Structures are given as C-alpha cells and as structure tokens.
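A closer look at the structure
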Amino acid sequence: MLSEVLPTALNGLVWAMSVFLVASGLTLIFGILHILNFSHGGFVMIGAYLAFTVTNRVPGTASVAAFLGIAVACAAAVGAMGLVVDRVVFRRLKGVDDSYSLVATYALLLLCEGAVKSGWGGNFLSMSPPEGLGGALFVGDLFVPSYALFVIAAGVAVYLALDLWLHRTASGRILKSVALDPWMASLLGINVTAIFTVAVVAGFALAGLAGGLLAPNQSLSPALGGTYIIQAFGVIIVGGIGNVRGAFLAAVLLGLVDAFGTVYVPEFPGIFFFVAVAVIILFRPQGLLSGIR
Amino acid sequence: MPHPPQSRSFGVLTPLVAGLVLAAFATLPFWAEKGLVFLAGIVLVQIVFALSFNLMFGLTGLVSFGQAAFFAAGAYASAWMARSAPGLPFILSIAFGAAVGAALSFLIGLVALRRASGIYFAILTLALGQLIYTVIGKTTALGREDGLIGIARPVLDFGLFRVDLATGDRYYFLLVVAAAIISGALWWVWHGSLGRILAAIRQEPERVRFLGVDVRRHRENAFLISGTMTALAGALMAPWSQIITPMIAHWSYSALPILFCLLGGSARFWGPAVGAIVFAGLEHGTRNMTGMAELVVGGALLLVVLAMPGGILGTLARLSGRLAREGAR
Amino acid sequence: MSLIQAHGLTFAYPSVRVLKDVAITVEANESHVVIGPNGAGKTTLFKVLSGEIFPQAGSIRYDGEDVTRLDAWQRVHRGIGRTFQVARLFGEQTVFNNVVLALECRERINGSSAGRWWRLTPARALQEEAMERLASYGLDRRAGDAAATLSHGDKKRLELLLTLALHPKLIMLDEPTAGMAPEDRRAVVALINRLREEEGLTLLLTEHDMEVVFGLATRLTVLNYGEIIASGDPEEVRRDARVQEIYFGKGGGHA
C-alpha cells in the first residue's frame, strides 16, 4: 500500500512545488500592487525558453552549477523585462478600473504567446536535466528521480527565502507596509513608486527563475504560459490572494488532491485540480488564509 | 409640473446606421464573392458572441475570461445532437445547444460569482472555462483534439414545405435572421429594466443593495443570459463552418469578444458589433502568419486599453461632444 | 416593543476588535444619535445593523424578527434604509434616472407590474412621481444633469431622496451633514425633524457636529473603542462624567 501511496504523493509534491514557484511571483505582485498579472505564466514560459536556448547553444552547460547559473541569469533577464512592463503598462494601470487592468495583462499574455510562437515555433521542444540530476535515487524501495527531489527542494527553498525576506528583513517590512497602506507609507517618506517597481521586478525575476528551474520538467510549447497561469491562479485563489504562505499550503493541498485523484480517474487528468478549486471556493470563498503574508 | 427629461434618447442616427448595416449583410450574397460571404457569416456569429459578452463586461462590469467555453458548449452540443438524432428538427438541436450553455453558465456562475470581486470572477471563469476545454479535448464522442468535421447544414421541415439550407447561401440568410433576432433580444435586455439595474450594479453595487436588490442574483441572471446567447451563437456557427475543434473553447478564443468590446467601445450597445466588423479585416489579413494572430490580438488589446479606453464609439462620442460644445460658442 | 433590539454584537477584523459585546435598542419614531471619537466603531455598528457585514457574535431583532443572518437587501425589504457618509449615487446617470431607478426598485419589491424586469421604458407613473419628488427637494432644475455634477450637499439630499422613495420605516444615516456648509446643515436638521414628526420615521444616525446632534437627538448613545459608554436622554448623557472625560478630557467641544 505504502509503495502505491508514496510515488503518487511524490508526484503531487513535485507538481505542488513547481506551481508554487510559478505562483510566488504572481501573488507577490498582486499583494503589493493589487494588479493581477495574467501574463505571469507567459513570462515563466519565456524564462524556460531562454534557459532552453542558452543550454543548447552554449557548450559546457550541462553541469548542475551551469544549470543553476542559467536559471539565475533567466531570473535577471525576465526581471529586466519586468522593469519595462512596469514602466509601459503597470504604471498606466494605476487607478484604472479592475476590468481594464485585467484585460491589459491578459493582452500581455497573448503577446508572450505570440512572441514565443514567432521566435521558437509551435513545436514541442525539450531540455534534459543537467548531469547530476538526470538519474534517480533509491529511497527504501522507491525509485525517485533526482530532478523531482530537486524541484521539491527548490520550491521549499524559495518559500523559505521569501518568507524570510518578507517577515524578517527591513526591506521586506517596507514592502508589507506599502502593501497594507500605500498612502500612509508615502507619508512616512517611503518612495512608494520605487517600492512598486521593486515588487514588480522581484515578481518577474521569480517568474524567470521558475522558468529556468522548471524547463527540464516538461516539454516546452507556446501553450505553456496559459497552463502555468491557470494552475497558479487556482493556487493563489485557494490560498488567499496576496498571501505567500497560503499559496504554499494551497499548492501542497491541490497537488496531493490532484495526484491522488488522477490515480482513480486517469481518463481526465488534471480534472481534480479544477474540482478541488471549485469545491474549496464554494465553501470558503476568501481562500485558506488572507491578507498579505 | 415640469416635463421629465428624455431619459434615454433613442436617437435617429443609431437605428438608421444599424438598419443600413443589416441591409448590407442581408444583401451581401448578391454583390460579394463567396469568400466574403463566408467571412460575413463568421462575423455575424462573432457579433452575437461579442454583444452577449458585453452584457457582462460593459453593462454589469465583470470580465469573463472563459466565455469561449459557452460558445464551444453550444457548438458541440448542438452538433453532437444533430449527429446522434438525425431526424430531430434543427431548431431542437439548436435549443439543446442553448440549454447546455444555460446549464453551464448557471453552474459556473454559482462558483465564480460567490464573492463580489471582479478579480475573483476573472480567475474562476478563466480556470473553469479551461476545464471545459480540457474535457472537450479528451472526450471521444466529441472527436477529442480533432473535433467534429463534416457538420451538415440542415433541412428545415415546416410540414407544408421544406427549406434545404445546404444549397447556395440559404444558411447565410438564416444566420442573418437569427443574428438580428438574438441581437434584438439582447438590445431589449440592455435598454430595459434589467439593464438599468445591471448598469447601476456596475456603478455602485452597495447603493443598489440598499435599494433592496439581490445583487448576486442579478449578476448570476446576467451571466446566465450572456452564456445562453453565446451558446446559441456557437450552435448556429457549427453548421456554417462545418468543422469545430476544441480551440473554440480555449481561453485565447475568449480574447476575441473582449477585443471587439474594447475596440468598438463597451459603453454603447452596438460598440462590440463595430469592433467585430473592424477586426474582421485585421484578422483576415494576418491569418497565415504563425504567431501573428496572438501578437496582433494581444497588441491591439493592449494598445486600446492603454490609449483608447472608450473604443471607437466612445472616442467618436467624445469628439462629437467636443464639436458640439465648440459649435455652440 | 423596540423597533431594533440588538445585543452581544461583536465584530473584529483579523487583528482589531472593533465592536465588543455591544447592545443597542432603537425605539419607534425616535431620533437616536450615536456619537464617539474617530475609530470608536460607529460605522462598523451601522454596517452590522444594516446587514452590510455580519457580526461574529450577537443578535439583531427588527420589528420582532431575528434578522441577524439576513443580508442588507433583505432588511431593506423589511423597511430599513441607509445613507452613506460619502453619498453613493449613480454618477453616470442623470439625477432623474437615479430617482426613477429607485422607484423601479420599490415596485420590484412590491411585485407590481411597473417593476418587472422585462419592461423596456420605466412606467409613466413612475416618471411623473420622480419629477414630483425632485421638485419637492428643489432638485428638478438639475433633473437632466449627471448626478456626479451635483454639489456635495445636493448629492447627500439626492441620496436621502432615493432612500425615502422606498418608504422605509427606519433610516440609518451615516454622518448626514459631513462636509456641508452651516446653512445646509441646518436645513438637513430641519428636514430630518420633519421626517420624524410628519412621516413617523425612525432615525438612527451618527454625527460629529454637536449642534446638529443636540438639534435633533431624542436619544443619545456614546461609543468608545467598540463599547457603549452611555445611552439615554441627550442632556443627561452630555452631563455624564465618563462622556465628559472622553470629549473634554482631551480638549475641544467637537466629537
């Protein structure tokens, strides 16, 4: 029995951590700017495609160190894109009606998809995990791919780092205060516009990082952006929008529910994710946790 | 006692232009070539799609990012019904498509309108719409990823006489008539009592709540009407294009009505229709370039939101208002 | 029997307890004013009593019926009206259309044919009633203007007009004279007194201006940090030692 439960649970956790990596930046930007960035999944996708290109074009990038380095480089690159997006789009959305800003970021997602399609074509591409993470470990009786363990470790690491930053550092506290009351924060002399930009760049950098780290996880296609964003949405809405801790919990919960559900109903993979989101929202509309945390 | 002011000017210009456009559509097969007629049929369907979407967007103030799911539901349900029960009168398979759309919008509305937040609604309609897409793509009876092909244009049996819609442009004329009727019904909702309440809900939901209105129920009803009409549009389209694939349920297809509303202007009833017609030219010109469609649609949407929030009709209204003021000086 | 009987009302946001075990009654045809320093919980109390939010504990009885779990719109059906500190109107619509809409809502509540959702244009009778009401408030000259273009005072009067159009028994007014010039304030006091005396309405309001408070209160309740400090006859409450400390201990004759 245990040998059946553990692999499924493992799959669930891998999925959960990869979705959390995607959702973390999204929920951060929403928590501070109150803009729901539909294009977040698109930028994760761009990060993944960039990692793919660099790994394939530049020789000697098969090691774990290179893999991590490239992921960080993708984070920087996408973070820089975030700077541009903040300038051109997000600043203009200040005070704009919710429905319009939703459409604007939705349009950005379409642009991401179009850019990937024109740049890399519509075919499926794949990237192998770096040497050192390509094999598997034996944990008791189980055959666990090392890359799966890496994803789980990465997700937990990013969560801890974010949690630490937001709750224990001065800059994190400034970020939270701006999230709670931007007007008050500006009265206290905080440059709110600059903080907003920091939040956007951080969120986009997280997207790029997620893309770089997760690139070996699946086959790349222009449809990835949409898939990522929907999963991220489900997680943040169940976890409580703007709440990083909630996103982490929700990711684990939904990941396990979906993994076990798929075992029983394999014809419609992924359907339990939607069912779980709908059921949880029906009974607890505000999500599991609330407020910026 | 003073005279009440004209509460809403049903001016002369709007019905005149609408009538002209309708006449142009209705007479198209007599003066345009085949390809254009086909495109016009698609545009008529998209006009209905956009007008019903705008009931939620422009009138009630909520963006539904999964509207394509209703369109697909109507198309697939009616096509499947027609195929499974060949003797069934056409109108009943269309009605079945509309009923499936109604049931879906009822269920999705229950979850997505649970909280009074537009962001919440946006996320859930996107996610649940994508669920429909996934289910359609994996269902064998609906053709999985390949969809349904060879959908026949039906024969209408009125007992005393029969009309074979498969010959010539006959189905096109059905589309014209159906689009006119459905648009008329939507026009009635928009300009009538329900529309007034919805517009009020968009502006000040708390005030409406304290006028004794169950705001959530009204939003759910608006969503129900919107979803049903969208499903009708889908059901009518299936025999026109004769092939339907799961792509018409994909979230990117939901972008089209949003774009038409923004392009043409969502504050005025006919704005989405203007947007649909204007965009038809753009889309037709770029259909062969990979990735171009997303870039054009995404770029156009972004541009319109940032630079032209009122859309074409809104900008025209502002300009004509400015001209009127300057003329009065 | 009191029109409103509430007790044990408790409301808290995640980290702040705003109302702590509050008990309050409102008698028919009284003009009950609730005062207290900023942050005392007055608006939250109003929100809870009107059904805008639900308390975590406590109960509210209106006209003998337990309405604690009823949403605001259901309480409106039973005869409660509410105006807001910042007047909520349909700014894009004309003043006339604002009133017509309120009347259509009333007809919908009554279930009459004038309120049916499929009607295209509002009933003639409603349109005429709207003009009459506007004329009685002197707003008929502005009938064709967008509601957003009204002056602050006119907006609040229009909002009161909308609320009264539904024939409520009890109206909750959240700072009805906030932001008004002195002449406007006195006009509002006179209007509220007239509503109570001639139309038999019951009023529950919050206010900061003491002249307004003592100009129309038949009962005064003082709230501080989510707790009731004193309640009863206005003159007696004014002389209560704890109330004096709250207001004059910190200086100034303003709430």
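Bear in mind the structure is a predicted one, so any value in this text is a computation, not a measurement. (Residues numbered from 1 in each chain as written. Chains lettered and ligands numbered in written order. Predicted model: local features only at pLDDT ≥ 70, side-chain atom pairs only at ≥ 80, totals over all residues.)

1. Topic: the overall build of chain C
On a plain count of helices and strands, chain C comes out with nine helices and 10 strands. Taking 18 Å as the expected radius of gyration for a compact globule of 255 residues, we find that chain C reaches 19 Å, a close match to that expectation. Overall, the C-alpha framework of chain C stretches about 60 × 40 × 35 Å when taken along its three principal axes. Counting all 255 residues of chain C, 45% fall into the buried class. Of all intrachain contacts in chain C linking residues separated by at least 6 positions in sequence, the fraction that spans at least 24 positions is 68%. (Helix = DSSP H or I, 4+ residues; strand = E, 2+ residues; numbered from the N terminus. Rg over C-alpha atoms; globule rule 2.2 N^0.38 Å. Buried ≥ 20, exposed ≤ 12 C-beta atoms within 10 Å, placed from the backbone. Contact = placed C-beta atoms within 7 Å.)

2. Structural notes on the environment of A293 of chain B
Of note, A293 of chain B is situated in helix 12 (residues 292-307). Considered as a pair, A293 of chain B and S252 of chain B are 41 residues apart in the sequence and their alpha carbons are 10 Å apart.

3. Describing the nonpolar core
Core analysis: the largest hydrophobic core is formed by 295 residues, its most contacted members being V235 and A251 of chain A together with A72, L259 and L301 of chain B. Contact partners of L259 of chain B, with chain neighbours within four places excluded, come to G275, F279, V297, A300 and L301 of chain B. (Core = buried A, V, L, I, M, F, W, Y, C linked by C-beta atoms within 7 Å.)

4. What about the sheet that holds strand 8 (residues 202-206) of chain C?
In sheet architecture, strand pairing relies on hydrogen bonds along the backbone and comes in two forms, parallel and antiparallel. Residues and elements named next belong to chain C. Overall, mixed pairing links the six strands, which are arranged 6-7-8-3-9-10 in an open sheet. The strands lining the two open edges of the sheet, one partner per strand, are strand 6 (80-83) and strand 10 (227-232). If you compare each strand with its neighbour and ignore which way they point, the axes differ by 15 degrees on average. Relative to strand 8, strand 3 (residues 31-35) runs parallel, the two sharing four bridges. Of the residues in strand 8, the one forming a bridge with V34 is T206. (Pairing = 2+ DSSP bridges. Axes fitted to C-alpha atoms, helices over the stretch in contact; angles between N-to-C directions.)

5. As for helix 8 (residues 192-214) of chain A
Taking 1.5 Å as the rise per residue, helix 8 of chain A with 23 residues should run 33 Å; its terminal C-alpha atoms sit 33 Å apart, in good agreement. For helix 8 of chain A, a buried count of 18 out of 23 residues is recorded, marking the element as mostly surrounded by other parts of the structure. (Expected span 1.5 Å × (residues − 1).)

6. Some details on unusual backbone geometry
With a phi angle near 60 degrees, H34 of chain A is a residue other than glycine that sits in the positive phi range. Position of H34 of chain A relative to the elements: it lies in the loop between helix 1 (2-33) and helix 2 (40-57). Looking at H34 of chain A, the number of C-beta atoms within 10 Å reads 16, which means it is partly exposed. Non-glycine residue D21 of chain C carries a positive phi angle of around 55 degrees. For D21 of chain C, the location among the structural elements is in strand 2 (residues 17-26).

7. Topic: the interface of chain B and chain A
Taken together, the contact pairs 39 residues of chain B with 33 residues of chain A. Secondary-structure elements contributing two or more residues to the side of chain B that touches chain A are helix 5 (118-138), helix 10 (255-264) and helix 12 of chain B. The dominant element in the side of chain B that touches chain A, judged by the number of residues it contributes, is helix 5 of chain B, at 14 residues. In terms of residue class, the side of chain B that touches chain A is made up of 26 nonpolar, nine polar and four charged. (Nonpolar A, V, L, I, M, F, W, Y, C, P; charged D, E, K, R; others polar.)

8. Some remarks on the domain arrangement of chain B
Residues and elements named next belong to chain B. Here chain B is described as being made up of domain 1 (43-247) and domain 2 (254-329). Computed over C-alpha atoms only, the centres of domain 1 and domain 2 are separated by 22 Å. Listed as interface residues are 18 residues of domain 1 and, on the opposing side, 15 residues of domain 2. Elements with a contribution of two residues or more to the side of domain 1 that touches domain 2: helix 2 (34-60), helix 3 (67-84) and helix 6 (170-191). Sort the elements by how many residues they give to the side of domain 1 that touches domain 2 and helix 2 lands first, with 10 residues. (Domains from an automatic or database assignment.)

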